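Listed here are the chains, written in short residue letters.
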Amino acid sequence: MSVLLSQRCERCRRTVGEFDTTPVCPDCGGLLEIELGGIANAPGLRATFAERRAARAGIDASGVWRYRELVLPTATSADIVTHPEGNTPLLARERISAWADMSELLVKHEGHNPTGSFKDRGMTVAMTQAKRTGARAVACASTGNTSASLAAYAAQAGIPALVFVPAGQVALGKLTQTLAYGALTLLVRGNFDACLTLARAASAALGIHLLNSINPFRLEGQKSIVFELLEQMDWNAPDWIVLPAGNLGNTAAFGKALREAHLAGLISRVPRIAAIQASGAAPFAAAFRDQFATQLTVEPETIATAIRIGAPASWDRAVRTIRETHGVVACVSDEEILEAKAVIDAAGVGCEPASAASVAGVRQLRATGVIHADDRVAAVLTGHLLKDPGIIARYHHETEPPPSRANRPVEIDPTVDAVARVLDQRRAAGVQS
Ligand code: F0G
């Protein structure tokens, strides 16, 4: 397979070289996209990927680098900064399917990545490229997961990390990870959109590599969620892939992955993408209703802080994903997100609030008849349950009156009698213990 790699501006089509470190097009400021040459009808890729699955160590053990022909084919083992990452499970759970009114809903759990979110898949590639191009420092703006991932991979690469996060709006698990992994953490008085504007300006002024998902190498890594999912389904593509959407990097990455998987002959049919936003932060869903006639921004507000974003950066490329896959964009309320999360958690799977938007979205699209009960659907859970312990404590422990699925803890004296009394009370109330 011949390997050619360049970065092309999505707006004016100018190309820059593989090792150019400009964060955006030097002519028009448009976002750059990685162009992989020589992937059309690449025979033998399925077999190559399958063989590598047996690896216990090295880059083949990574669920990102195992697909390297379609990720960053020019990187060598010596360049690659890998944990490893990926290799996340594809689960089917009766209770989740039933709640979403599906015969079988599959969930791809990206919370099983090393720092607990799908961000590690993009970060291993962007950090590898930062190392290959001699970065002296790396930075990102984040609602928390990207910063946790950046901090961990920067520590591994030995590159100083700087993160910009919205003060008071980052879930505890994510902020504590970022501090623990050693990133210089700036709590910015503003929302995520303000953080990203500042991170872009500061990294340009100070010569720091920006590793947000406007960085095209991030998207190359995130494509592997789709490759791994398709491989887990024996390359028999589902009807739908459903994912939560905030800054729209993942929506863009999924479209590119499907385009390339189809071009390479890995799949014969392209699934439809459903991108799900939180109602209080849903400019993309609003624009979809108007056939994307205008690019919108909103003042974002939602309990799903990971996707509390009002001015998504990867807008145009996400529009392309929705158009090319005949996809849809929907939005779900905070109440729907919390209920979906309680169902996913109580099934023993667990996820953070933003992730539950995908399953809440499936339920809504079933109710409106867009998705059919026996469609083959895979929903992506983007982050781990422990990312946001605060919201779990509020839901189960503090909210009055208790939400319908609240699991209240009971304080007792240290006696067997006290235990028996609680069990009796619960039996009397008709609750199974
Ligand atoms: N789910 C989780 C758990 C996230 O952390 C994010 C984004 C998304 C979904 C949305 O993905 O932005 O590609 O549309 N988190 C970013 C961050 C913004 O900084 O960690 P997207």
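Starting from 1, residues in each chain are numbered consecutively following that chain's sequence as written. Side-chain atom pairs in this predicted model are given and counted only at pLDDT of 80 or more, local residue features only at pLDDT of at least 70, and totals for whole chains, interfaces and linings cover all residues. To get the side-chain values, take all heavy atoms of the structure and skip hydrogens and water.

Some details on the overall build of the protein
1) Next: Here a strand is any run of E in DSSP of at least two residues, a helix any run of H or I of at least four, and the numbering for each starts at the N terminus. In terms of regular secondary structure, the protein is built from 14 helices and 13 strands.
2) Next: Expected size for 433 residues packed as a compact globule is a radius of gyration near 22 Å; at 22 Å, the protein falls within 12% of this value.
3) Next: Each principal axis of the C-alpha atoms in the protein carries an extent, and together these give about 70 × 50 × 45 Å.
4) Next: Note on classification: 1.4 Å probe, protein chains only; a residue is buried when its accessible area is under 20% of the maximum for its type, exposed when over 50%, partly exposed between these limits. The proportion of buried residues among the 433 residues of the protein is 57%.
5) Next: It only takes one pair of heavy atoms within 4.5 Å for two residues to be counted as in contact. Once local pairs closer than 6 in sequence are excluded, the contacts in the protein between residues at least 24 apart make up 69%.
6) Next: Computed with a 1.4 Å probe, the accessible areas rest on the Shrake-Rupley method; for each residue, only the protein chains presented here act as cover. For the protein, the exposed area adds up to about 17,600 Å²; of that, 52% sits on carbon and sulfur atoms. Radius of gyration means the value over C-alpha atoms here, while the globule rule gives 2.2 Å times the residue count to the 0.38 power.

A word on the sheet that holds strand β4 (residues 90–92)
1) Next: Strand order in the open sheet formed by six strands is β4-β5-β13-β10-β11-β12, with mixed pairing between adjacent strands. Looking at the sheet topology across the chains shown, the edges are occupied by β4 and β12 (328–332). The average angle at which neighbouring strand axes cross in this sheet is 25°, direction not considered.
2) Next: Two strands pair under a simple rule: DSSP has to find at least two bridges between them. For β4 and strand β5 (residues 105–109), the ladder comprises three bridges, and the chain directions are antiparallel. Across the sheet, residue Leu90 finds its bridge partner in β5, namely Lys108. In this analysis an axis means a line fitted to C-alpha atoms, helices contributing only their contacting stretch, and an angle means the value between N-to-C directions, from 0 to 180 degrees.

Re the pattern of salt bridges
1) Next: When a carboxyl oxygen of Asp or Glu is within 4 Å of a side-chain nitrogen of Lys or Arg, the pair counts as a salt bridge. Taken as a whole and judged by the stated rule, the model has 29 salt bridges.
2) Next: For Arg14, the salt bridge is made with Asp27, and the minimal N-O distance between the two is 2.9 Å. Of the two residues, Arg14 is situated in the loop between β1 (4–9) and β2 (15–16) and Asp27 in the loop between β2 and β3 (32–37); the sequence distance between them amounts to 13 residues.
3) Next: With relative accessibility at 32%, the residue Arg14 sits in the partly exposed group.
4) Next: Look at Asp27 and you get exposed, because its relative accessible area is 55%.

Observations regarding the nonpolar core
1) Next: The biggest cluster of nonpolar side chains holds 74 residues, and the ones touching the most others in it are Met127, Val138, Leu150 and Phe284.
2) Next: No other element matches helix α7 (residues 216–232), which puts six residues into this core.
3) Next: Apart from residues lying up to four places away in sequence, Leu150 is in contact with Met123, Met127, Val138, Ala139, Cys140, Ala161, Leu162, Val163 and Leu211.
4) Next: Among the buried residues, those of types Ala, Val, Leu, Ile, Met, Phe, Trp, Tyr and Cys that are joined through side-chain atoms within 4.5 Å form a nonpolar core. Residues Ala340, Val349, Cys351 and Ala360 belong to the second largest nonpolar core, which totals 36 residues.

Read these as spatial facts, not as claims about activity.
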